[in-house]
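# Coordinates in review
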Amino acid sequence: MSEFILELKAVTKTFPGIKALDNVHFQLKLGEIHALMGENGAGKSTFIKVITGVHRPDEGEIYYNGEKVEFKNPKDAQDIGIAAIYQHVTCYPDLSVTENIFMGHEKVQKGTKRILWNQMHAEAELLLRELGANFDPRTEMGALSVAQQQIVEIAKALSMNAKIIIMDEPTAALSKRESEELYKITEQLRDRGASVIFISHRFEDMYRLASRVTVLRDSKYIGSWDVDGITNEDLIVAMVGREITQLFPKKAADIGEELLRVEGLGKTGYFAEVSFSLRKGEILGLTGLVGSGRSEVCQALFGIDPPDTGRVIFKGEAVTISDPLQAMNLGIGYLPEDRQKQGLVLEWGLDRNITLPTLERFSNKGWLNTKKEAEVAKQLTEKINVKAKSIFDLAGSLSGGNQQKVVVAKLLTASLDVIILDEPTKGVDVGAKSAIYEIISDLASQGYGIIMVSSEMPEILGMSDRIVVMREGRVAKILERNEATQETILEAAMANNR
């Protein structure tokens, strides 16, 4: 019997004009959690589709338990026990959890083909309980959180006796607590004998779970290593092909006059007595544990959900911001945490996405000046180095890092003084992170005031001039750059001073 339950040898897949996989090798051991890492565009998505039978390789071979296999379609891969759980859960939101788990392999009575609902509900409940879930299998899928939907997807894989489970960026949309629960479930799957391919941008995922890691770059296989035998620096070099000697390119900016001040800001049920200031050229980090009220404060400042109490002083004058249009007209912009749902129209081109907030600049008597619109979009995509074939590419066709750059470009079409960035590098790879940090630092050096919300400690410490730490909806502490450490931030975020 082979040492490897799955093995890819010199697999190549080409699409018109693009080599999506180029001579890729991969080996997965029985009962192993194996991390797969690489920048966006490295070939990870095509890798998944080849393993799950969506695409057939043009060259190379796939072995399962030492025997060569060929997948003509996804069912072939499913039949031998391969299942994939994607970052954006593909489910039927209007159907029950049970129906989602058994979709395509329903329990039916022989002869009559009548669906055995009681048996399916009972088996679904057993699977959910094994995974530590406490919701009813009759619940509509759409009523569940992202973390709960992922548990359903794992239950579905188990219901099909999956022996190889591919997890594609499963922690990207989860809180730290939810991520920890997912880690435990993943380890449980391994202990039951399943082999897991865990795809992630996050080093903490790899160190927490995996015994080995494989890196792809530019559609090529770079190498495989034992996790305890490779450093962060070595991984970054493998992933981006160069050393990122300064991941956080914080430029010295001239901190100018006060642009924004909030005094005693409050929103019932979310935050209270929040006070801080922001100056020209300053990057103000806003951090705290999940549920501390960070994002809610920023949404209040942008008029998405206005505050109940307190004052906002903008450029020396007290203002009332009741909606986002008013915020934009004043000179306050906002990059939302969820770029795909709140920041972009994925079915539109880059040009139309970029100019959407300021269409009046490109219109005359109801007619759009599409030439001017395209010129501005082209200038901005070049300015922040968006990687796309043209400005007419659909936003949904770009990698996560490039989508995030497009959302930043949207803000730059407006005349702004303050830019609020909510988790600006969430779900992007290390190379794209470095590029986004460069953009943020450049904006600050140009005189913008930046409020950067982040739950990533290195990001907050590396980029911020001052740091506002929130706890349970209140400001726990404001730290200067030279006094901020991971310990002082965590102490402020977690301490109970009541």
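Structure shown above.
Residues numbered from 1 in each chain as written. Predicted model: local features only at pLDDT ≥ 70, side-chain atom pairs only at ≥ 80, totals over all residues. Heavy atoms only, no water.

Moving on, we get to the pairing of strand E14 (residues 309–314). Bridge analysis of strand E11 (residues 258–267) against E14 gives five bridges, and the strand direction is antiparallel. What sits directly across from leucine 260, in E14, is phenylalanine 314. Judged from the three bridges that link them, E14 and strand E15 (residues 317–319) form a sheet pairing that is antiparallel. Residue isoleucine 313 lies in a different strand from E15, and its bridge partner there is alanine 318. Counting the residues between successive antiparallel strands, the hairpin from E14 to E15 contains two residues, one of them, lysine 315, with a positive phi of roughly 55°. (Pairing = 2+ DSSP bridges. Helix = DSSP H or I, 4+ residues; strand = E, 2+ residues; numbered from the N terminus.)

Now for empty space enclosed by the protein. A full pass over the atoms with the stated rule returns one cavity of 30 Å³ or more. Its boundaries defined by the atoms lining it, the largest cavity holds a volume of some 30 Å³. Residue assignment for the lining of the largest cavity shows that the elements contributing at least two residues are strand E3 (33–37) and helix H7 (203–209). (1 Å grid on protein atoms, 1.4 Å probe; cavity = no way out; pocket = protein on both sides within 12 Å on 5 of 7 lines; lining within 4 Å. Points joined across faces, edges and corners; volume = space filled by probe spheres on them.)

The gaps left among the atoms become clear once a water-sized probe is rolled over them. Each pocket or cavity is described by its volume, and for the second largest pocket that value is around 390 Å³. Broken down by secondary-structure element, the contributors of at least two residues to the lining of the second largest pocket are helix H2 (74–79), strand E6 (82–85) and helix H5 (146–159). Its residues assigned to classes, the lining of the second largest pocket shows eleven nonpolar, three polar and four charged. (Nonpolar A, V, L, I, M, F, W, Y, C, P; charged D, E, K, R; others polar.)

Counting 75 residues, the largest nonpolar core has Phe276, Leu301, Ile419, Ile450 and Ile451 as the members making the most contacts within it. Broken down by element, the residue count for this core peaks at seven residues, all from helix H15 (residues 430–445). Once you skip the residues sitting within four places of it in the chain, leucine 301 turns out to touch Leu260, Val262, Leu265, Phe276, Val312, Ile321, Ala327, Ile332, Ile420 and Ile451. The next biggest cluster of nonpolar side chains, apart from the first, holds 50 residues, and it includes Met37, Ala157, Ile230 and Ala238. (Core = buried A, V, L, I, M, F, W, Y, C linked by side-chain atoms within 4.5 Å. Buried < 20%, exposed > 50% of the residue type's maximum accessible area, 1.4 Å probe, protein only. Contact = heavy atoms within 4.5 Å.)

Moving on: the pattern of salt bridges. Going through the model one piece at a time under the given rule, you end up with 27 salt bridges. Taking the shortest distance from any N to any O, the salt bridge between arginine 56 and glutamate 70 comes out at 3.7 Å. Here arginine 56 is found in the loop between helix H1 (44–51) and strand E4 (59–64), whereas its partner glutamate 70 is found in the loop between strand E5 (67–69) and H2, with 14 residues between them in sequence. Note on arginine 56: relative accessible area 42%, which makes it partly exposed. If you follow the salt bridges from partner to partner, you end up with Glu258, Arg261, Glu263 and Arg311 in one network. (Salt bridge = Lys/Arg side-chain N within 4 Å of Asp/Glu carboxyl O.)

A few words now on the side chain of threonine 46. Among the secondary structure elements, threonine 46 is positioned in helix H1. Note on threonine 46: relative accessible area 13%, which makes it buried. Those residues in contact with threonine 46 that lie beyond four places of it in its chain are Lys13, Phe15, Ala20, Leu21 and His55.

The subject of this paragraph is a nonpolar patch on the surface. Together, Leu289, Leu490 and Met494 make up an exposed nonpolar region whose accessible area comes to about 270 Å². Tracing the chain through its elements places methionine 494 in helix H17 (residues 486–494). (Patch = residues over 30% accessible without salt bridge, like charges linked within 9 Å, V, L, I, M, F, W, Y side chains within 5 Å. Areas by Shrake-Rupley, 256 points an atom, 1.4 Å probe, with all protein chains shown as cover.)

A few words on the environment of lysine 251. Within the secondary structure layout, lysine 251 lies in the loop between helix H8 (232–240) and E11. For the pair formed by lysine 251 and serine 441, sequence separation is 190 residues and the distance between their alpha carbons is 5.8 Å. When sequence neighbours within four positions are dropped, the list of residues in contact with lysine 251 reads Glu438, Ser441 and Asp442.

So, on to H17. When H17 is considered as a whole, its buried residues turn out to be Ile489, Ala492 and Ala493. Taken down its axis, H17 places every buried residue within 100° of arc, on the same side. The exposed set on the far side of H17, more than 90 degrees from its buried face, consists of Glu487, Glu491 and Met494. In this fold, the buried residues of H17 make contact with strand E13 (283–288), helix H16 (457–463), strand E21 (466–471) and strand E22 (474–480). (Arc of directions from axis to C-beta.)

Read from one edge of the open sheet, six strands run E16-E19-E20-E13-E21-E22, paired in mixed fashion. The two strands at the open ends of the sheet, each matched to only one other strand, are strand E16 (332–335) and E22. Between one strand and the next, the sheet's axes are offset by a mean angle of 20°, whatever the strand orientation. With four bridges connecting them, E13 and strand E20 (residues 449–453) associate as parallel partners. Across the sheet, residue leucine 284 finds its bridge partner in E20, namely isoleucine 451. Contacting E13, E16, strand E19 (418–422), E20 and E21, helix H9 (residues 294–301) runs over the sheet at an angle of about 145° to E20. Running at roughly 30° to E21, H17 makes contact with E13, E21 and E22 of the sheet. (Axes fitted to C-alpha atoms, helices over the stretch in contact; angles between N-to-C directions.)

As far as function goes, none of this settles anything; it's purely spatial.
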